[in-house]
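Understanding the architecture of this molecule
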Amino acid sequence: MSKNSPLLTIVVPCYNEEAVLGETTKELTRVMNRLVTDEKISDASIILYVDDGSADRTWDIIEEQIASHKYVEGLKLSRNFGHQGALIAGLETARQFSDCVVSIDADLQDDVDVIYEFIEKYQQGYEIVYGVRDKRDTDTAFKRNTALGFYRLMGKLGIKLVPNHADYRLMSKRALDEFVKYQEENVFIRGIVPLLGFKATNVYYNRKERFAGESKYPLKKMLAFAWEGITSFSIVPIRFVSALGFFMVLIGIGIAIYTLFAKLFSETVSGWTSLMLSIWMVGGIQLLALGIIGEYIGKIFRETKKRPRYTIEKNSYVENQERHLMNSK
Ligand code: UDP
Ligand code: MG
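Residues numbered from 1 in each chain as written. Chains lettered and ligands numbered in written order. Predicted model: local features only at pLDDT ≥ 70, side-chain atom pairs only at ≥ 80, totals over all residues. Heavy atoms only, no water.

Turning next to the pairing of strand β7 (residues 200-205). Burial along β7 is one-sided: the face carrying Thr201, Val203 and Tyr205 is buried and the face carrying Ala200, Asn202 and Tyr204 is not. By the bridge criterion, six bridges tie strand β5 (residues 128-133) to β7 in an arrangement that is parallel. Bridging across to β7, Ile128 finds its partner in Ala200. (Buried < 20%, exposed > 50% of the residue type's maximum accessible area, 1.4 Å probe, protein only. Helix = DSSP H or I, 4+ residues; strand = E, 2+ residues; numbered from the N terminus. Pairing = 2+ DSSP bridges.)

Here is the structure:
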């Protein structure tokens, strides 16, 4: 059953989305019906809304839709956990009864019709399919440029991201089973998924305007999100302190030579030499020490994540075990 007509769950995090939910369900149902008719997915497939502690009528609407619409189910979080938290709640729940899961925002900015292509790729054997925005002309120039800068910076810091990919993607149950092993407190899903490995591909689409309502990601939240991404994936900032400290010590040694020469061969104000020396040497040594302590904190930081240290994609031993057993008879 599973690869031929897999059970698909579409996870949709919602925070104060009363204005769009009607349309979202209409659009997603249209896509679901098409997939079911073409026997691409099981007709027990689900649209799973996750209400992220909304203050408006979002949950009431979801409840109404659960009662009146074929595919709709809902999760309600106890408070606002933020987009990433809501997404994880949805993914972990969906994993238990789905063969594959698509995550998408509620606001219909991402082209729902490419879910069809996601499923085709899944059937071709891809475990992860990334939705990648082709053009971003509907986003403001500001949002586009800050996003671009963000991907560049992350790349420089050694964090592998799929550029122009938000959280619109398909993951197979197998990929999700691995994903849930990343039990870190500070989650940055976009950074974790590429770490899973497996056969992955991109599907391109044009990003549209928000259907209704306004962005729940103002600049402040965007910056917090970027910072979260950097600090939960990279200890490069700590390395930077070490490097700075080392550099300061070098300058300190230069200044030491200079001041000693100045003291020996020309007139200097009394106290100048010792002051110069202490400022530069002590400053440099302190920064270097901070950096070294930082290195150890970085190690603790990695340890506390308890990330899995490997992911097995194929295991010929287990696969061939039956054959071995038969041969040995
Ligand atoms: N969202 C959420 N919790 C939050 C903020 C946002 O679940 O605390 C949801 C929101 O309802 C939407 C998605 O996350 O479905 C993306 O948010 P939005 O469209 O406002 O972000 P943007 O597209 O402007 O970056
Ligand atoms: Mg949006």
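Another aspect to go through is the coordination of the magnesium ion (ligand 2). The protein atoms donating to the magnesium ion (ligand 2) are Asp107 (OD) and Gln109 (OE1), with metal-donor distances spanning 1.9 to 2.0 Å. Neither Asp107 nor Gln109 differs from the other in exposure class; each is buried. (Donors = N, O, S within 2.8 Å, 3.2 Å for Na, K, Ca; no water.)

Glancing now at a nonpolar patch on the surface. A grouping of Phe246, Leu250, Ile253, Ile257, Phe261, Leu264 and Phe265 is seen on the molecular surface, where their side chains present a nonpolar patch of about 790 Å² in accessible area. Of note, Phe265 is situated in helix α9 (residues 236-265). (Patch = residues over 30% accessible without salt bridge, like charges linked within 9 Å, V, L, I, M, F, W, Y side chains within 5 Å. Areas by Shrake-Rupley, 256 points an atom, 1.4 Å probe, with all protein chains shown as cover. Salt bridge = Lys/Arg side-chain N within 4 Å of Asp/Glu carboxyl O.)

Let us now look at the side chain of Thr9. Examined against the element boundaries, Thr9 turns out to sit in strand β1 (residues 8-14). A polar side-chain atom of Thr9 sits 2.6 Å from a polar atom in the side chain of Ser98. Ignoring any residue separated from it by four or fewer positions in sequence, one finds Thr9 in contact with Ile46, Leu48, Ala94, Phe97, Ser98, Cys100, Val101 and Val102. (Polar contact = N/O pair within 3.5 Å; in protein donor to acceptor, adjacent residues only side chain to side chain. Contact = heavy atoms within 4.5 Å.)

So, on to unusual backbone geometry. Within the chain, Asn16 stands out as a residue other than glycine whose phi angle is a positive 50 degrees. Summarising the element assignment, Asn16 is placed in the loop between β1 and α1 (21-37). Its identity as a non-glycine residue notwithstanding, Phe198 has a phi of 70 degrees, on the positive side. Summarising the element assignment, Phe198 is placed in the loop between α7 (189-195) and β7.

Under the defined criterion, the tally for this structure stands at 15 salt bridges. One salt bridge in this structure joins Arg174 and Glu127, with 3.1 Å as the shortest N-O distance. Here Arg174, found in helix α6 (residues 173-179), pairs with Glu127, found in the loop between α4 (115-123) and β5; they are 47 residues apart in sequence, far enough to count as distant. When its relative accessible area of 35% is taken as the criterion, Arg174 is described as partly exposed. Between Asp177 and Lys173 there is a salt bridge; the shortest N-O distance is 3.2 Å. Within this pair, Asp177 and its partner Lys173 are both found in helix α6, separated by four residues, close to a single helical turn.

With that settled, consider the sheet that holds β5. Taken in spatial order, the seven strands make up an open sheet running β3-β2-β1-β4-β6-β5-β7, and their pairing is mixed. Edge positions in the sheet fall to β3 (72-76) and β7, since each has one partner strand and no second. On average, adjacent strands in this sheet sit at an angle of 20 degrees to one another, irrespective of strand direction. Examined bridge by bridge, β1 and strand β4 (residues 100-103) share four bridges and lie parallel to one another. Bridged to Ile10 within β4 is Val102. Each of β1, β2 (46-51), β3 and β4 is contacted by helix α3 (residues 82-95), which is oriented at about 155 degrees to β1, the strand it contacts most. (Axes fitted to C-alpha atoms, helices over the stretch in contact; angles between N-to-C directions.)

Moving on: α9. Its 30 residues give α9 an end-to-end C-alpha distance of 43 Å, which sits within 8% of 44 Å, the value for a rise of 1.5 Å per residue. Along α9, the residues classified as buried are Ser242, Gly245, Val249, Gly252, Ile255, Ala256, Thr259 and Ala262. Turning to α9, the residues buried within the fold contact α10 (272-305). (Expected span 1.5 Å × (residues − 1).)

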